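Chains, contacts and geometry: an overview
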Amino acid sequence: MTSSVPLIQLNSGTQIPQLGFGVFLVDPADTQRVVEDALAVGYRHIDTATGYNNETEVGAAIRASGIPRDEIFLTTKLRNDHHKAGDVEGSFARSLDMLGVDYLDLYLIHWPLPARDLYLDTWRTFETFANDGRARAIGVSNFLIPHLERLIEHADIVPAVNQVELHPIFQQRELRSFQATHGIKTEAWGPLGQGKYDLFGMAPIQAAAAAHSVQPAQVVLRWHLQTGNIVIPKSNSRDRMAQNFDVFGFELSADEMAAIDALDENRRVGGNPAEVD
Ligand code: NAD
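Because the structure is a prediction, the values reported are computed rather than measured. (Residues numbered from 1 in each chain as written. Predicted model: local features only at pLDDT ≥ 70, side-chain atom pairs only at ≥ 80, totals over all residues. Heavy atoms only, no water.)

With respect to the sheet that holds strand β9 (residues 185-189)
Within the open sheet, the eight strands sit side by side as β3-β4-β5-β6-β7-β8-β9-β10. Their pairing is parallel. In the strand order of this sheet, the two ends are held by β3 (21-22) and β10 (230-231), each with one partner. Where strand β7 (residues 138-141) meets strand β8 (residues 161-165), two bridges bridge the pair, whose relative direction is parallel. Across the sheet, residue S141 finds its bridge partner in β8, namely Q163. (Pairing = 2+ DSSP bridges. Helix = DSSP H or I, 4+ residues; strand = E, 2+ residues; numbered from the N terminus.)

Below, the structure written as structure tokens:
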């Protein structure tokens with residue numbers, strides 16, 4: 001297996017491995033085993049969130065692995081109900097405590113929750129975490145262009161990353177282009193469509209899988225990587241983790257990329273950030 005995961009430069013001056021491992025919906029009882037497996041397979045970038053209720057187990061897996069802290073890129077996210085003034089600092093400190101670390105590589109606002117209109121205040125507090133070094137980079141998740149525009153206008157620090165739903169039927173072209181202009185890196189959640197539609201059965205994906213003698217999931221991840229997205233697939237199965245990590249031994253042609261690009265329907269399978277509250 002070739003395992004040279006590219007590093008993407010962030011506006012914080014730090015670098016993020018382009019391929020990581022997500023732990024949404026990994027049961028806390030399984031999380032330590034799952035994350036230990038992911039680290040053994042070779043992943044060095046783990047994406048969790050306070051809302052996933054498995055930060056303690058992610059931290060336990062990192063310690064059990066024996067891998068030095070500075071070789072692992074660790075992301076967590078502020079829970080929606082901790083946005084209130086005064087809660088953000090406490091929530092961040094509890095995340096560090098549960099993960100058993102003294103800094104995060106990336107701390108994200110999980111959702112903008114525009115109806116509550118708190119994200120500008122929350123970001124001000126996030127900036128203090130970046131300034132005191134407890135968050136090596138700060139960013140957002142599920143932000144739409146108007147939310148980013150407003151944040152950039154008021155912020156001292158531009159978000160390093162926006163982690164958003166992104167997969168072949170929802171490619172986020174306009175958002176990606178806006179973010180490229182502002183130096184905000186695009187991170188894809190639900191990169192395999194969360195299993196909510198028959199992504200792996202789509203003709204261009206099947207054709208490329210056959211042409212390269214790989215699995216459809218590997219084609220989709222390769223499409224993300226060649227598009228420039230940071231990508232964090234999830235699986236509880238060690239075999240699939242290994243498959244998803246083994247995506248550096250082949251390359252999609254321009255025609256294969258174009259055929260997958262043409263699958264875009266601009267259709268979400270997850271929540272609309274304008275409405276999530
Ligand atoms: P995903 O697109 O990674 O799909 C995961 C599902 O795909 C798994 O349950 C598994 O059944 C299947 N799968 C994985 N590898 C496979 C393979 N090789 N072959 C066949 N099937 C395979 O969806 P996700 O877990 O929702 O997203 C990835 C990560 O993104 C999450 O774990 C989480 O860290 C993050 N996320 C963030 C947000 C957010 O609001 N910021 C929302 C959802 C997810």
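A short note on the site of the ligand
Around the ligand, the structure places 26 residues, and the nearest of them are D47, S141, L192, Q194 and Q243. Here H110 contributes a side-chain N or O atom positioned 3.4 Å from an oxygen atom of the ligand. The contact in question runs from an oxygen atom of the ligand to an N or O atom on the backbone of L192, over 2.7 Å. Protein contact buries 88% of the 820 Å² of open area that the ligand shows by itself. Looking at the shell around the ligand element by element, the count peaks at three residues for helix α9 (residues 238-245). Split into classes, the residues belonging to the shell around the ligand amount to eleven nonpolar, eleven polar and four charged. (Near = heavy atom within 4 Å. Polar contact = N/O pair within 3.5 Å; in protein donor to acceptor, adjacent residues only side chain to side chain. Areas by Shrake-Rupley, 256 points an atom, 1.4 Å probe, with all protein chains shown as cover. Nonpolar A, V, L, I, M, F, W, Y, C, P; charged D, E, K, R; others polar.)

What about empty space enclosed by the protein?
For the structure shown, the criterion picks out one cavity of 30 Å³ or more. The space that makes up the largest cavity amounts to roughly 30 Å³. The wall of the largest cavity is formed by N142, F143, L144, V164, E165, Q172, L175, R268 and P273. When its residues are assigned to classes, the lining of the largest cavity shows five nonpolar, two polar and two charged. (1 Å grid on protein atoms, 1.4 Å probe; cavity = no way out; pocket = protein on both sides within 12 Å on 5 of 7 lines; lining within 4 Å. Points joined across faces, edges and corners; volume = space filled by probe spheres on them.)

A look at the layout of surface pockets
Taken as a whole, the largest pocket holds about 870 Å³ of empty space. In terms of lining, the largest pocket is formed by 36 residues, of which the most central are G190, P191, Q194, G195 and K234. Secondary structure elements with two or more residues in the lining of the largest pocket: α8 (216-227) and α9. Here the lining of the largest pocket takes three residues from α9, the largest share from any one element.

What about the packing of helix α1 (residues 28-41) against helix α2 (residues 55-65)?
Taken N-terminus to C-terminus, the directions of α1 and α2 make an angle of 35°; their axes are 8 Å apart at the nearest point. In this structure, α1 meets α2 at a crossing whose hand is right-handed. Each of P28, T31, Q32, V35, E36 and L39 in α1 lies in contact with α2, whose residues at this interface are E57, V58, A60, A61, I62, A64 and S65. A class-by-class count of the residues in the contact of α1 with α2 yields eight nonpolar, three polar and two charged. (Axes fitted to C-alpha atoms, helices over the stretch in contact; angles between N-to-C directions. Left-handed = near helix turned anticlockwise from the far one by under 90°. Contact = heavy atoms within 4.5 Å.)

Looking at helix α6 (residues 173-182)
Listed as buried for α6 are L175, R176, F178 and Q179. For α6, the angular spread of the buried residues around the axis is 165°, confining them to a single face. Turned more than 90 degrees away from the buried face of α6 sit E174, A180 and T181, all of them exposed. Residues of α6 that are buried sit in contact with α5 (145-154), β8, β9 and α8. At the exit of α6 stands G183, carrying a positive phi of roughly 70°. (Buried < 20%, exposed > 50% of the residue type's maximum accessible area, 1.4 Å probe, protein only. Arc of directions from axis to C-beta.)

On their own, these measurements won't tell you what the molecule is for.
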